[in-house]
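Reading the structure
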Amino acid sequence: MSDSRGRFVWYDLLTSDPKAAEAFYTNVVGWTAEPWGPPEAAYTMIANGDGPVGGIGEVGKDSASVAGPPNWLAYIGTPDVDATVEQARSLGAELLVGPMDIPTIGRFAVMADPQGAVFAPFTSAGTSEGMPEMNPKAPGVFAWHELHTTAPDAAWTFYEALFGWVQTGAFEMGGTWGTYRMYGCEADKPLGGIMITPPERPVSAWTYYIAVEDLDSALDRVKANGGQVVFGPQEVPGGDRVANCVDPQGAAFALTQRAPAPA
């Protein structure tokens, strides 16, 4: 695995009904799923055609899971979780879980940034498999990582210091929306964006975009399988098409269809 500092390396869905969530996402996204670890862990690994992308577990079931509503949690690479936790706390973040080890896999913590958005710094044990750098255009990968926050400038300063992200671009959204700031580990490889949270939902939170081949068909599957489409579909700068959704247990996620490659 290449240097993973600042890269999103894994995604967990923490949900109130793991079996129902598994059925929903395998039908909507096309992931495959299989149990992982001891039976008492009740953890299911999800994969696209290239390999594992994350897992599904029960929210609040054990000490590694934060109690609360169903949600997606992303793990962000760092060379030293403990040092990252201390740095994040000095910058105003709150430690929610850990740091703690996952045998043979790595060490992680769960934190809330100074505005309240939850994320998980992660250090690989160096022996884990299934966490390569993903092709962001392949179906079933998490292709975009968007932070909606009550304080975009402060949030950017926090994550820039913590993970070494660089700004890869920005554009004005107009009205009260302000600037949409794109970031990544490298100037030519954006990972996502940071924007002000909508006034009707003044809560800081991460939203993760899953790539699909055909957005309209995927949205039909969302609705047919008990989920909701809450925004979109719409085209965004660059030509991608996106939509924000909620799964049947209430976890927010988004879907994206990448723009066709130039002829």
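Residues numbered from 1 in each chain as written. Predicted model: local features only at pLDDT ≥ 70, side-chain atom pairs only at ≥ 80, totals over all residues. Heavy atoms only, no water.

Attention now moves to the sheet that holds strand E3 (residues 43-48). Reading across from one edge, E2-E3-E4-E1-E5-E8-E7-E6 is the order of the eight strands in this open sheet, with mixed pairing throughout. Among the strands making up the open sheet, the edge pair consists of strand E2 (32-36) and strand E6 (94-102). Going from strand to strand, the sheet's axes swing by 25° on average, the running direction of each strand aside. The sheet contact formed by E6 and strand E7 (residues 106-112) spans six bridges and is antiparallel. Looking at E7, one finds that Asp101 is bridged to Arg107. Here helix H2 (residues 81-90) sits on the sheet in contact with E6, E7 and strand E8 (118-124), set at roughly 10° to E7. (Pairing = 2+ DSSP bridges. Helix = DSSP H or I, 4+ residues; strand = E, 2+ residues; numbered from the N terminus. Axes fitted to C-alpha atoms, helices over the stretch in contact; angles between N-to-C directions. Contact = heavy atoms within 4.5 Å.)

Taken as a whole, this structure holds eight salt bridges when the rule is applied. Asp216 is the partner of Arg241 in a salt bridge, and the nearest nitrogen-oxygen pair spans 3.2 Å. Here Asp216 lies in helix H4 (residues 215-224) and Arg241 lies in strand E15 (residues 241-246), a separation of 25 residues in the sequence. One salt-bridge network, in which partners are shared between bridges, spans Arg7, Glu186 and Lys189. (Salt bridge = Lys/Arg side-chain N within 4 Å of Asp/Glu carboxyl O.)

Moving residue by residue along a regular strand, the side chains alternate between the two faces of the sheet. The buried fraction of strand E5 (residues 71-77) is high, at six of seven residues. Here strand E1 (residues 8-15) runs beside E5; their pairing, made up of six bridges, is antiparallel. Among the inter-strand pairings, Leu14 is bridged to a residue of E5, identified as Asn71. Across three bridges, the pairing between E5 and E8 is parallel. Bridge pairing in E8 links Ile76 to Pro121. (Buried < 20%, exposed > 50% of the residue type's maximum accessible area, 1.4 Å probe, protein only.)

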